[in-house]
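# Working through the structure, step by step
Listed here are the chains, written in short residue letters.
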Amino acid sequence: MLAVAGYQLGKRFCFLDPVPESPAGMLATQIVAPYDDVGALDELARTADVVTYEFENVPASAARWLETRVAVFPPPAALEAAQRRIEEKQWFEKLGIATARYRAASTPAELRASLEQVGMPAVLKTDSGGYDGKGQIVVRESQDPNELWERIGVADVIVEEFVPFDRELSIIGVRGTENNTIFYPLIENVHANGILRTSVAPAPHVGPRLQAQAEEIARALLQALDYVGVLAVELFERSGRLLANEMAPRVHNSGHFSIDGSVCSQFENHVRAISGLPLGSTAPIGRATMFNLISELPEIHALLAIPGVRLHLYDKRPRPGRKLGHATLVDADDKSLERVRELVAGVTG
Ligand SMILES: Nc1ncnc2c1ncn2[C@@H]1O[C@H](COP(=O)(O)OP(=O)(O)O)[C@@H](O)[C@H]1O
Ligand SMILES: [Mg+2]
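Not measured: the values here are computed from a predicted model. (Residues numbered from 1 in each chain as written. Chains lettered and ligands numbered in written order. Predicted model: local features only at pLDDT ≥ 70, side-chain atom pairs only at ≥ 80, totals over all residues. Heavy atoms only, no water.)

Spatially, four strands are ordered E5-E8-E6-E7 in an open sheet, and the strand pairing comes out antiparallel. Every interior strand has two partners, whereas the edge strands, strand E5 (102-105) and strand E7 (136-139), have only one. The mean angle between the axes of side-by-side strands here comes to 20°, regardless of whether they run parallel or antiparallel. The pairing of strand E6 (residues 122-126) with strand E8 (residues 157-161) spans five bridges and is classified as antiparallel. Its bridge partner being in E8, Leu 124 is matched across the sheet by Val 159. Against the sheet, helix H5 (residues 85-94) engages E5, E6, E7 and E8, with an angle of about 50° to E8. (Pairing = 2+ DSSP bridges. Helix = DSSP H or I, 4+ residues; strand = E, 2+ residues; numbered from the N terminus. Axes fitted to C-alpha atoms, helices over the stretch in contact; angles between N-to-C directions. Contact = heavy atoms within 4.5 Å.)

Most of helix H4 (residues 76-83) sits out of view: six of its eight residues are buried. Listed as buried for H4 are Pro 76, Ala 78, Leu 79, Ala 81, Ala 82 and Gln 83. On the buried face of H4, the contacting elements are helix H3 (60-67), strand E4 (71-72), H5 and strand E14 (241-248). (Buried < 20%, exposed > 50% of the residue type's maximum accessible area, 1.4 Å probe, protein only.)

Right, let's talk about the site of ligand 1 for a bit. With respect to spatial proximity, 19 residues lie near ligand 1, and among them Lys 125, Gly 133, Val 163, Glu 168 and Glu 246 are the closest. Here Gly 133 contributes a backbone N or O atom positioned 2.6 Å from an oxygen atom of ligand 1. In this structure, Glu 160 approaches ligand 1 through a side-chain N or O atom, which is 2.9 Å from a nitrogen atom. Look at ligand 1: alone it shows 530 Å² of surface, and the protein chains cover 91% of it. Elements with a minimum of two residues in the shell around ligand 1: E6, E8, strand E13 (229-238) and E14. Residues that form the shell around ligand 1 fall into these classes: six nonpolar, five polar and eight charged. (Near = heavy atom within 4 Å. Polar contact = N/O pair within 3.5 Å; in protein donor to acceptor, adjacent residues only side chain to side chain. Areas by Shrake-Rupley, 256 points an atom, 1.4 Å probe, with all protein chains shown as cover. Nonpolar A, V, L, I, M, F, W, Y, C, P; charged D, E, K, R; others polar.)

Given below as structure tokens:
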């Protein structure tokens, strides 16, 4: 999606992906190698004017290595901060950004103490490596910390208070190379089993105060990290107040709506930002609803027959919990939305 947006701006792309025949490989040269393969990184550094990443679990060491040879945006420091939940929370705290109560633990005894301090229910998460709700356990009642420790199976964990949020929102900010910062309107997100199902943007029932609160959070991070590119911050809204859940130093799934719903998409704005170009308008074209197509694809003919459906497929093999594509509708009527919902719910696990 970054490349599709970038081609319109006359850019050329080269991808590093350890998986042969990855979706991006359809669009441009693909170097198939592990992310930390020095030969592959060297080829990338020699080929590219600027390197970016759109997956959070690329080794930060690879980004650091590249940084000595070629411009890397977003800055590797942002990648490092986002890869470790404890460090990420510390960044939030340092910048005065409110979060759920949390404690770090690296032994079963510390886990026991952390659970007592945070209280029940709590969410136990691996410090690193998690995505789409993987590496998380919701602890609902008194459970044996030793058993939880075995189940989570890593050395560093974070225990968070379970936030009884009114809803989940996200804010997407973009910072250019000249400290120019813009934001998309708040997005309302629904997750199931830790995986994003739908996004609505602009989120309904958002006043200027809530939007300003979200922008303040994102702006603080963009500036503190001397950021260039798109940054997403996932938020919990509770009684009109925002808590930061996590940040993503990349184009974000909740921003996929912007391809069809915004004057300039998050993908184009990311390419513009990292290329030192002026940023494009984040104004909405209408109210967009984005449905993720997960695990299995719905009947494509039936989906495309619904007026207003814009379909984006990723050329990925079906697998339980895998995001295979998304469908967006802008200013759709209730009937069309309901029809898409039915088709998607019919196959999504
Ligand atoms: N502390 C929490 N309280 C309530 N729900 C949570 C909490 N942490 C995570 N969740 C739920 O799980 C989802 C995935 O968790 P998240 O921390 O964003 O990890 P991931 O890296 O897998 O996206 C969140 O979007 C939210 O729906
Ligand atoms: Mg998340």
